[in-house]
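The lines below spell out each chain.
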Amino acid sequence: MRKLPAALTVMAMAALGTALPVSSAHAAATCSDNYSGATSGYMYAYDYAYCDGYLGRAVGNDSNWGDSGGSFQGGDTNKATSILNKGNNYEVQFFNGTGTQWSGGHICLSRNEGYASDLTNDYFTSGSRVSNAISSHRWVSAGTCSKWAV
């Protein structure tokens, strides 16, 4: 007979636990959270908006996100929907082309901006949409940039 009240107590506690909201410790990360935890000197790219779906990070240039060299490789090309710049000295210039000619239109992310949480309304200098179209990046001075992510 004592097992019944104990079982009811356990069931009531379990039901109560599912009725209460999840604490902020269990909430999804945001670009602000990721920026706070990012390693200084790196840029980061994410598959989804709001810096979700980590693709990778880089401290140097990568002229082809789709090859087998550099920080971004293979399936990383043309996937980024949000980006983060925690660089120390330079801005990050993203391209929708590959190769060291750095062509195909660009958009930059400044260190002061820190991150672009959703690139779906951003366009390269070529007029192409940025989201799911980044193929390469390099670190540059601000004077090299003519278009900025918002």
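Relevant structure appears above.
Procedures and definitions
Residues numbered from 1 in each chain as written. Predicted model: local features only at pLDDT ≥ 70, side-chain atom pairs only at ≥ 80, totals over all residues. Heavy atoms only, no water. Helix = DSSP H or I, 4+ residues; strand = E, 2+ residues; numbered from the N terminus. Buried < 20%, exposed > 50% of the residue type's maximum accessible area, 1.4 Å probe, protein only. Contact = heavy atoms within 4.5 Å. Areas by Shrake-Rupley, 256 points an atom, 1.4 Å probe, with all protein chains shown as cover. Pairing = 2+ DSSP bridges. Salt bridge = Lys/Arg side-chain N within 4 Å of Asp/Glu carboxyl O. Axes fitted to C-alpha atoms, helices over the stretch in contact; angles between N-to-C directions.

Undergrad: Help me understand the overall build of the protein chain in this model?
TA: Summing up its helical and strand segments, the protein chain has 2 helices and 7 strands in all. Counting from the amino terminus, helix and strand elements in the protein chain follow one another as α-α-β-β-β-β-β-β-β. Counting only residues that meet the buried cut, the protein chain has 36% of its 150 residues in that class. When contacts within the protein chain are restricted to residue pairs at least 6 apart in sequence, long-range pairs at least 24 apart make up 63% of them. Just so you have it, the protein chain exposes about 8,200 Å², and 53% of that area is on carbon and sulfur atoms.

Undergrad: What am I meant to see in the sheet that holds strand 3 (residues 82-85) here?
TA: In sheet architecture, strand pairing relies on hydrogen bonds along the backbone and comes in two forms, parallel and antiparallel. Read from one edge of the open sheet, 4 strands run 2-1-3-6, paired in antiparallel fashion. Edge positions in the sheet fall to strand 2 (52-58) and strand 6 (115-116), since each of these pairs with one other strand and no more. Relative to strand 6, strand 3 is paired through 2 bridges, and the arrangement is antiparallel. Opposite Leu 84, over in strand 6, you have Tyr 115 as the bridge partner.

Undergrad: Is there a simple way to explain the pattern of salt bridges in this structure?
TA: Pairing between side chains of opposite charge can happen when their charged atoms approach one another. Applying the stated rule across the entire model yields 2 salt bridges. Between Glu 91 and Arg 111 there is a salt bridge, and its shortest N-O distance comes to 3.3 Å. Linking Glu 91 in strand 4 (residues 91-95) with Arg 111 in the loop between strand 5 (106-109) and strand 6, this pair joins segments that are 20 residues apart in sequence. For Glu 91, a relative accessible area of 6% puts it in the buried group.

Undergrad: Where do I start with the sheet that holds strand 5 in this structure?
TA: Spatial strand order, 5-4-7: 3 strands in an open sheet with antiparallel pairing. Strands at the two margins of the open sheet, each flanked by one partner only, are strand 5 and strand 7 (136-140). Averaged over all adjacent pairs, the angle separating strand axes in this sheet is 25°, with direction ignored.

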